[in-house]
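# Chains, contacts and geometry: an overview
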Amino acid sequence: MSMVSGPRLRVDLSTLPRYIPGRAAVGDPEYKLSSNELPYEPLPSVREAVRAELGQFHRYPDPGSTELVAALAERLRVPGEHIVPGTGSVAVTHHLVRAVAGEGDEVLFAWRSFEAYPLITWAAGATPVQVPLAAEGHDLDAMADAVTGRTRLIFVCNPNNPTGTPVRRAELDRFLDRVPRDVLVVLDEAYREFVRDPEVPDGIEVHLRHPHVAVLRTFSKAYGLARLRVGYAVAHPPVAAALRACAVPFGVSGPAQAAALASLRAGSELDERVERIVRERERVGGELRAQGWQLPHSEANFVWLRLGRRTAAFTAVCEDAGLMVRPYPDEGVRITIGTPAANDRFLKVAGAWQH
Ligand code: PMP
């Protein structure tokens, strides 16, 4: 018998980058500004929809999320065949990469961007190719230049996490014209509902014009359902079918389907919450600039401060004030827009910082 210490794992596993979630709330969760969540509790109609599920926990959920898909199809004006829900959009992202890329293939994205991209790429056995941001935004010309015969998928995070910067219509159109039709371009629109710049295109409309474009959206952010884990892709039928083939059966739970459906029907109540966050984002951005900070204009529900080597020190003063923020070591800090009280507390800390 050979001496083995356990099952053999993939040798490249030890090199996998880890997903670092926003730190768990210490103290009052109202001041947790580290995970881009909405600071509002679920709406009564959403609670009611989840409550109605309680007596059904012994049954599997609808595997196709039929009602949710139909409601999304109507809302987005796309055929239901294009919509594939999953356990948070991050799960759908895993399935997308798995569906198109494997060993020897390249997955291209800006850096820094959503930190799950390199992890998901490695998990699929493919190779990440990272193109540095320019002026905190996507450098789409450089990204198009970086496309090779091995490129299978390109992420465009719009607006970008963690910088909040958007990609606008003209530059995206120019980019899409340059990308070969056999490369899948994935517009990750996790923060779409917070966008107010009219020059930022709606990914669904871009998707409908381009057979090689898919869109990712989520109920975790603007819809305030982060804990329930539900998001979806909008993809053309061949890609959507491949996604369904790669998905985990019964991935989206019954309560998640019910809550997402109720949220879609909530209409103006949810819109008003998002509007409040957008107003606060503009207020926080304006006050930070008045305090002397330089920051990119954010179209998402967070702001980005490039603090470089002072990142850890700034994070520490935030924590001393009871604020949880999201540091990216030696790069910067991302601060989620919260309630006015949480934002005020953050502005006080930022105002006292010696530049
Ligand atoms: N995409 C981006 C850009 C994100 O920032 C996030 C959440 N941090 C996600 C996708 C994933 O969201 P979820 O899995 O909760 O739908």
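Now for a quick tour of the structure. (Residues numbered from 1 in each chain as written. Predicted model: local features only at pLDDT ≥ 70, side-chain atom pairs only at ≥ 80, totals over all residues. Heavy atoms only, no water.)

### Some points on the pairing of strand β7 (residues 231-234)
So the rule is basically this: Each residue's exposure class comes from its accessible area (1.4 Å probe, protein chains only) as a fraction of the maximum for that residue type: buried when under 20%, exposed when over 50%, partly exposed otherwise. Counting from the N terminus, the helices are DSSP H or I runs at least four residues long and the strands are E runs at least two residues long. The pairing criterion for strands is at least two bridges between them, as found by DSSP.
Covered by surrounding structure in β7 are Gly-231 and Ala-233 together with Tyr-232 and Val-234, the residues of both alternating faces. One ladder, built from four bridges, connects strand β1 (residues 83-86) with β7; its direction is antiparallel. Counterpart to Pro-85 in the pairing with β7 is Tyr-232. Pairing of strand β6 (residues 213-218) with β7 involves four bridges; the strand directions are antiparallel. Within β7, the position partnered with Leu-216 by the bridge is Ala-233.

### With respect to the nonpolar core
Under the convention used in this document: Throughout this description, the term nonpolar core refers to a set of buried Ala, Val, Leu, Ile, Met, Phe, Trp, Tyr and Cys residues connected via side-chain atoms within 4.5 Å.
In terms of nonpolar packing, the biggest core is built from 47 residues, with Ile-154, Phe-175, Val-185 and Phe-219 touching the most fellow members. Sorting elements by how many residues they give to this core places helix α9 (residues 254-266) first, with seven residues. Counting 33 residues, the second-largest nonpolar core is a separate cluster that includes Leu-33, Phe-314, Leu-323 and Val-333.

### Considerations on the sheet that holds strand β4 (residues 151-157)
Heads up, the rule is: Axis definition: a line fitted to C-alpha atoms, limited for helices to the stretch in contact. Angles are taken between N-to-C directions and run from 0 to 180 degrees. The contact criterion used throughout is that any non-hydrogen atoms of two residues lie within 4.5 Å.
Pairing is mixed across the open sheet formed by seven strands, whose spatial order is β1-β7-β6-β5-β4-β2-β3. The open sheet has two free edges, formed respectively by β1 and β3 (127-132), since each of these has just one partner strand. Ignoring which end each strand starts from, the neighbouring axes of this sheet average 25 degrees apart. Across five bridges, β4 lies against strand β5 (residues 184-188) in parallel orientation. When the bridges of β5 are listed, Ile-154 appears paired with Val-185. Strands in contact with helix α8 (residues 237-246) are β1, β5 and β7; relative to β1, the strand with the most contacts, it is inclined by about 25 degrees.

### Description of the site of the ligand
Note the threshold: Residues are counted as near a molecule or strand when any one of their heavy atoms sits within 4 Å of it. Residues adjacent in sequence count toward polar contacts only when both atoms are side-chain atoms; beyond that, a polar contact is any pair of N or O atoms within 3.5 Å, and within protein one must be able to donate a hydrogen and the other to accept it. All accessible-area figures derive from a Shrake-Rupley calculation using a 1.4 Å probe, and residue coverage is judged against the displayed protein chains alone. For this scheme, ten residues count as nonpolar: Ala, Val, Leu, Ile, Met, Phe, Trp, Tyr, Cys and Pro. Four count as charged, namely Asp, Glu, Lys and Arg, and the remainder, Gly too, count as polar.
Close to the ligand lie 13 residues, the nearest being Ser-89, Tyr-191, Thr-218, Ser-220 and Arg-229. Between the ligand and Val-90 there is a distance of 3.0 Å, counted from an oxygen atom to a backbone nitrogen or oxygen. Protein contact buries 93% of the 400 Å² of open area that the ligand shows by itself. The residue makeup of the shell around the ligand, split by class, is five nonpolar, five polar and three charged.

### A short note on the pattern of salt bridges
Oppositely charged side chains may form a pair once their charged atoms are brought near each other. How we decide: Criterion for a salt bridge: a side-chain nitrogen of Lys or Arg within 4 Å of a carboxyl oxygen of Asp or Glu.
Summed over the entire model, instances satisfying the criterion amount to 22 salt bridges. Between Glu-48 and Arg-51 there is a salt bridge whose closest N-O contact spans 2.7 Å. Here Arg-51 and Glu-48 lie together in helix α1 (residues 44-51), a separation of three residues that amounts to about one turn.

### Here's the deal with the environment of Pro-17
Tracing the chain through its elements places Pro-17 in the segment before α1. A sequence separation of 100 residues divides Pro-17 from Tyr-117, and the C-alpha atoms of the two residues are 9.8 Å apart. For Pro-17, the residues in contact, after removing those within four places along its chain, are Pro-118, Leu-119 and Trp-122.

These results come straight from atomic positions and should not be treated as a statement about function.
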